[in-house]
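Residue strings, one per chain:
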Amino acid sequence: MSATKRTLGLMPLVCVMYLVVSGGAYGLEDAVRLAGPRLTVALCLLVPLTLSLPTALMAAELTALMPIEGGFYFWVKEALGPFAGFAEAYMTILYTAVDMAIYPGLFAAYLSFLIPIGPAMQVVLAIALIWLAGGMNLLGIRPVGFTSIVLAALLLSPFAALVIVGAPRLIHFVPPTQPLYGPGFLGALGAGLTVVIWNFGGWENLSVVSGELEDPRRNYIRAIAVALPMVVAGYVLPLLVSLSGARSTADWQMGWFSHEGFRIGGPLLGGALAIGGAVMSFAVFEAAMLWVSRMPFVLARESYLPRAFGEILESTATPWKSIVLCCAVFTLLVPLGFLALVVLDVFFYMAALVLEMVALLELRRLRPNREGLFMVGGGKFGLYLVATLPLITWAATFGLAISQGGAHVDFLVAIAIGATVLPAYGFARRRWGGPKDATIAA
């Protein structure tokens, strides 16, 4: 990005990465209700190995190879050609659009534990959160990074208090009395995996701003090494404390950790978790806006969108028109429901991840000389294991589509929307020209 002397160091990068991927156990509650407590805990231990670690290793290798603004878009474009690059960006924009609409809803859900809020006020607060986060991003990458350090500490403190107060429940853990899963294994597995994948995915996202990171070839993998254990612990420990001895989780839903905090530690802890949930919603949204807003910027620079969205505000080195565009789109998506948004989010995210994994394999062939750069170890076996494990994990979520009526419709909608990538590519090429080295696929 032009004239960018402002870069993000290792510690802020760790905090931004943690927020982009997780932000604490907030939002995991629906998995407990849908999949059952035992299966949810099992998935929170399994998915880091089958999805998070492989994705993180892929992102670290390709960021070391190509530490440029636009990240995964250019990985896929170089490996598979301009149409695949556009498809990568298109799927990313689809999943980030629905993903970013989730957090304002979480914000209102946790705030409603403290203050009675009607539907109209929830919408107003959600929209206010969107534009406040957009305003913070207009100030540049460093303010976002340093703010993320403060916000990460604020949102993690209530969960740390929950784990400390609930330590006896960990030490003398009593498994929930419910079976591993309820009626309909495929539905329970698919629903639980869909929510858990949403909570554990996104390790490659900050590659989009790798041109604004300090020493990205080394610091990206370092940040992963710190953030990944934080993410796993941040989910598993509060879950174990809250679920020890649980007899029923039928009431678990978005915002339920506040009720568990109240039950275990009284009104002070319950209120702290509610405040932490509201802080998390803003913190994750603000951190995600950092990389999401670069996608229209990159596509404008590649001549897939009007060139105006590629303009930089020189005083802060931010793509200000791209940020404003993102805020406007997210505002329109606020009314959609949580589970529908998560189903769409995971479908589009994993479709983009397929392209990234294929790019990982192809770039190993095209650019084998990597002296001094991080690479996935284990030879061809390790490389193919990293590339296939996330896709197997994603395939398991189709049980939700097969056995759940509403989710079945959501998956069909996701497939239909995803299929629009080809006409969208043709339109963008004809309207704005596309990159000079591109050829129209159809």
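Whatever comes next refers back to the structure up there.
Each value, and the rule that gives it
- Residues numbered from 1 in each chain as written.
- Predicted model: local features only at pLDDT ≥ 70, side-chain atom pairs only at ≥ 80, totals over all residues.
- Heavy atoms only, no water.
- Salt bridge = Lys/Arg side-chain N within 4 Å of Asp/Glu carboxyl O.
- Helix = DSSP H or I, 4+ residues; strand = E, 2+ residues; numbered from the N terminus.
- Buried < 20%, exposed > 50% of the residue type's maximum accessible area, 1.4 Å probe, protein only.
- Phe/Tyr/Trp six-rings, centres within 6.5 Å; stacked < 30°, edge-to-face > 60°.
- Contact = heavy atoms within 4.5 Å.
- Disulfide = S-S within 2.5 Å.

Draft legend 1. Structural context of the pattern of salt bridges. Evaluation of the coordinates by the stated rule reveals 10 salt bridges. Its salt-bridge partner being Lys-77, residue Glu-302 comes within 2.7 Å of it at the nearest N-O pair. Residue Glu-302 is found in the loop between helix H12 (294-301) and helix H13 (320-333), and its partner Lys-77 is found in helix H4 (residues 72-80); the two are separated by 225 residues along the sequence. Exposure remark for Glu-302: the relative accessible area of 11% places this residue in the buried category.

Draft legend 2. Region of the structure containing the packing of aromatic side chains. Per the counting criterion, the structure on display carries 15 aromatic pairs. Ring geometry for Phe-72 and Trp-75: centres 6.4 Å apart, planes at 75°, overall edge-to-face. Within this pair, Phe-72 and its partner Trp-75 are both found in helix H4, separated by 3 residues, close to a single helical turn. In this structure Phe-72 comes out as buried when scored by relative accessible area, which is 0%. Residues Tyr-95 and Tyr-349 carry aromatic rings whose centres are separated by 5.1 Å and whose planes lie at 80° to one another, so their mutual orientation is edge-to-face. Of this pair, Tyr-95 sits in helix H5 (residues 82-111) while Tyr-349 sits in helix H14 (residues 338-366), and the two are 254 residues apart along the sequence. Residue Tyr-95 shares its accessibility class with Tyr-349, and that shared class is buried. Within the aromatic cluster, the residues linked to one another by ring pairs are Phe-83, Phe-86, Tyr-90, Tyr-304 and Tyr-425.

Draft legend 3. The environment of Ile-323, seen in detail. Positionally, Ile-323 belongs in helix H13. Taking the C-alpha atoms as reference points, Ile-323 and Asn-137, 186 residues apart in sequence, are found 7.6 Å from one another. Not counting residues within four places of it along the chain, the set of residues in contact with Ile-323 comprises Gly-134, Asn-137, Leu-138, Ser-293, Arg-294 and Thr-318.

Draft legend 4. Just the state of the cysteines, in detail. Per the counting criterion, the structure on display carries 0 disulfides. You can see Cys-327 has no disulfide; the closest cysteine sulfur is in Cys-326, sitting 7.0 Å from it.

Draft legend 5. Just the side chain of Asn-205, in detail. When you line up the elements, Asn-205 lands in the loop between helix H9 (185-200) and helix H10 (216-243). Residues in contact with Asn-205, not counting those within four places in the same chain, are Val-20, Phe-72, Tyr-95, Tyr-220 and Trp-291.

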